[in-house]
Amino acid sequence: MSLQLDARQRAMLQEMGIRVFWPEATPVDLSMQGQVEETEAIAVEVAPVEVRPAARSPEPVAVRAERPVALPTPLRPDAPPRQRMPGIEAMQWEALGEAVATCRACGLCEGRHNTVFGVGDLHPDWLIVGEAPGENEDREGEPFVGQAGKLLDNMLAALSLSRHQRVYIANVLKCRPPGNRNPEPQEIAQCEPFLRRQVELLQPKIILAMGRFAVQTLLQSNEPIGRLRGRVHDYNGVPVVVTYHPAYLLRNLPDKAKAWADLCLAQGVLRGSST
Ligand code: URA
């Protein structure tokens, strides 16, 4: 498969730690950024696509937390009882957003400033699924607006995509876990119907599951990402490609190249599905 890259995209790839050599061994020249609109063809290796349907279960998601997690926020004595909102599976987009905004199905509602429903194109090719809002996202009500989000934006730009074009970005959890602790299984179980309905309504052509919690939730698998990446999985009929979370990539720079390979795999699946 070949990709057409302009100078900006090549700069993005360099930011991701990917060096592009074609037709001669000339590294990306950052000084050309935004000035030259030349395009070059590069060869991108995409492994043969193997679609493996994941075992789906209608039961609530049970996720093994590998790090210690804080206890659930205790209910205030005057707080309304926790209950899963009924009818999520039949809601249309606006009602779904409203249901998320008013959700009190788990203790995370107590500490949130904003719910984070998602952002992007409502007719996307790509659905990108992250873990949960952090502090910045909780403040702004939009996913991936911090440092990890900048890296994600750069990864998307390298594919001529953006968070507003052909892409929708959502998280497994719509509310911030306090102190950015890991999501708890019962929080994921309460929130997962929202994500499931988002997938049904958005009908993306490919899902990119970023990080352990997105992967575990969508694929119902506790396998490490390293063992799941590099092939195509399935979530209710939608192909899923697994990759590392951008926050992890910020701490593990050599794995950026693997994330780029994952994006290329997803791009290859997408191209295959639209021909
Ligand atoms: N990490 C996530 O998984 N999602 C966000 O929205 C921000 C950081």
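Refer to the structure above for everything that follows.
Residues numbered from 1 in each chain as written. Predicted model: local features only at pLDDT ≥ 70, side-chain atom pairs only at ≥ 80, totals over all residues. Heavy atoms only, no water.

K.L.:
Lay out the pattern of salt bridges with the relevant residues and their values.
P.N.:
Taken as a whole, this structure holds twelve salt bridges when the rule is applied. For Arg229, the salt bridge is made with Asp262, and the minimal N-O distance between the two is 3.0 Å. With Arg229 in the loop between helix H7 (225–228) and strand E8 (232–235) and Asp262 in helix H9 (residues 256–273), this pair connects stretches of sequence that are 33 residues apart. Each of Asp125, Arg166 and Lys205 takes part in one network of salt bridges that share partners. (Salt bridge = Lys/Arg side-chain N within 4 Å of Asp/Glu carboxyl O. Helix = DSSP H or I, 4+ residues; strand = E, 2+ residues; numbered from the N terminus.)

K.L.:
Pulling in residues and values, what's your account of the pairing of strand E5 (residues 126–130)?
P.N.:
Counting buried positions along E5 gives five out of five residues, so the element sits mostly inside the fold. Both faces of E5 are covered, namely the face carrying Trp126, Ile128 and Gly130 and the face carrying Leu127 and Val129. For E5 and strand E6 (residues 167–171), the ladder comprises five bridges, and the chain directions are parallel. Across the sheet, Gly130 pairs through a bridge with Asn171, a residue of E6. Pairing geometry for E5 and strand E7 (residues 206–210), over four bridges, is parallel. Along E7, the bridge assignment pairs Ile128 with Leu208. (Buried < 20%, exposed > 50% of the residue type's maximum accessible area, 1.4 Å probe, protein only. Pairing = 2+ DSSP bridges.)

K.L.:
Outline the site of the ligand, supporting the account with residue identities and numerical values.
P.N.:
Inspection of the region around the ligand gives Gly130, Glu131, Ala132, Glu137, Pro143, Phe144, Asn171 and His245 as its neighbouring residues. A distance of 2.9 Å is found between an oxygen atom of the ligand and a backbone nitrogen or oxygen belonging to Phe144. In this structure, a nitrogen atom belonging to the ligand sits 2.8 Å away from a side-chain N or O atom of Asn171. Alone, the ligand offers 240 Å² of accessible surface; in the complex the protein occludes 91% of this. For the shell around the ligand, the per-class residue count stands at three nonpolar, three polar and two charged. (Near = heavy atom within 4 Å. Polar contact = N/O pair within 3.5 Å; in protein donor to acceptor, adjacent residues only side chain to side chain. Areas by Shrake-Rupley, 256 points an atom, 1.4 Å probe, with all protein chains shown as cover. Nonpolar A, V, L, I, M, F, W, Y, C, P; charged D, E, K, R; others polar.)

K.L.:
Any details on the side chain of Gln190? Residues and values, ideally.
P.N.:
Locating Gln190 in the fold gives a position in helix H5 (residues 185–202). Residues in contact with Gln190, not counting those within four places in the same chain, are Arg84, Ala105 and Cys106. (Contact = heavy atoms within 4.5 Å.)

K.L.:
Describe in detail H9, supporting the description with residues and values.
P.N.:
Between its first and last C-alpha atoms H9 spans 26 Å; for 18 residues at 1.5 Å apiece the expected length is 26 Å, and the two agree. Those residues of H9 not exposed but buried are Lys256, Ala259, Trp260, Asp262, Leu263, Cys264, Leu265, Ala266, Gln267, Gly268, Val269 and Leu270. (Expected span 1.5 Å × (residues − 1).)

K.L.:
Would you mind going over the nonpolar core in detail, with residue names and values included?
P.N.:
Considering soluble globular proteins, one finds that nonpolar side chains tend to be buried as a cluster. Trp126, Leu127, Ile128, Val129, Ile169, Phe194 and Ile207 are the most contacted members of the largest nonpolar core, which has 66 residues in total. Per-element tally for this core: the top contributor is H9, with eight residues. (Core = buried A, V, L, I, M, F, W, Y, C linked by side-chain atoms within 4.5 Å.)

K.L.:
Got a sec to walk through the pairing of strand E9 (residues 238–243)? Specific residues and values, please.
P.N.:
Regular strands place their side chains on alternate faces of the sheet. Counting buried positions over the six residues of E9 gives six, a clear majority of the element. Every second residue of E9 is oriented toward a common face, with Val238, Val240 and Val242 on one face and Pro239, Val241 and Thr243 on the other, all of them buried. As defined by bridge partners, E7 adjoins E9 across four bridges and the pair is classed as parallel. Paired with Ile207 across the strands is Val240, a residue of E9. Taken together, the three bridges between E8 and E9 define a ladder with antiparallel strand orientation. Its bridge partner lying in E9, Tyr235 is registered against Val238. As consecutive antiparallel partners, E8 and E9 are separated by two residues, and within that stretch Asn236 has a phi angle of approximately 45°, a positive value.

K.L.:
I'd like a description of the packing of aromatic side chains, backed by residues and values.
P.N.:
Taken as a whole and assessed by the stated rule, the structure comprises three aromatic pairs. An angle of 70° between the planes, with centres 5.0 Å apart, marks the rings of Trp93 and Phe117 as edge-to-face. Here the residue Trp93 occupies a position in helix H2 (residues 93–101), and Phe117 occupies one in the loop between H2 and strand E4 (119–120), the gap between them amounting to 24 residues. Judged by its relative accessible area of 22%, Trp93 is partly exposed. Owing to a relative accessible area of 13%, Phe117 belongs among the buried residues under this scheme. On the basis of an interplanar angle of 85° and a centroid distance of 5.4 Å, the ring pair of Trp93 and Tyr168 is categorised as edge-to-face. With Trp93 in helix H2 and Tyr168 in strand E6, this residue pair connects regions lying 75 residues apart in the sequence. An aromatic cluster of at least three residues, connected via ring pairs, comprises Trp93, Phe117 and Tyr168. (Phe/Tyr/Trp six-rings, centres within 6.5 Å; stacked < 30°, edge-to-face > 60°.)

K.L.:
Outline the state of the cysteines, listing residues and values.
P.N.:
Applying the stated criterion across every chain, the model contains zero disulfides. Looking at Cys175, it has no disulfide partner, and the nearest cysteine sulfur is the one in Cys106, 6.2 Å off. Cys191 forms no disulfide, and the closest cysteine sulfur to it belongs to Cys103, at a distance of 6.3 Å. Exposure remark for Cys191: the relative accessible area of 11% places this residue in the buried category. (Disulfide = S-S within 2.5 Å.)

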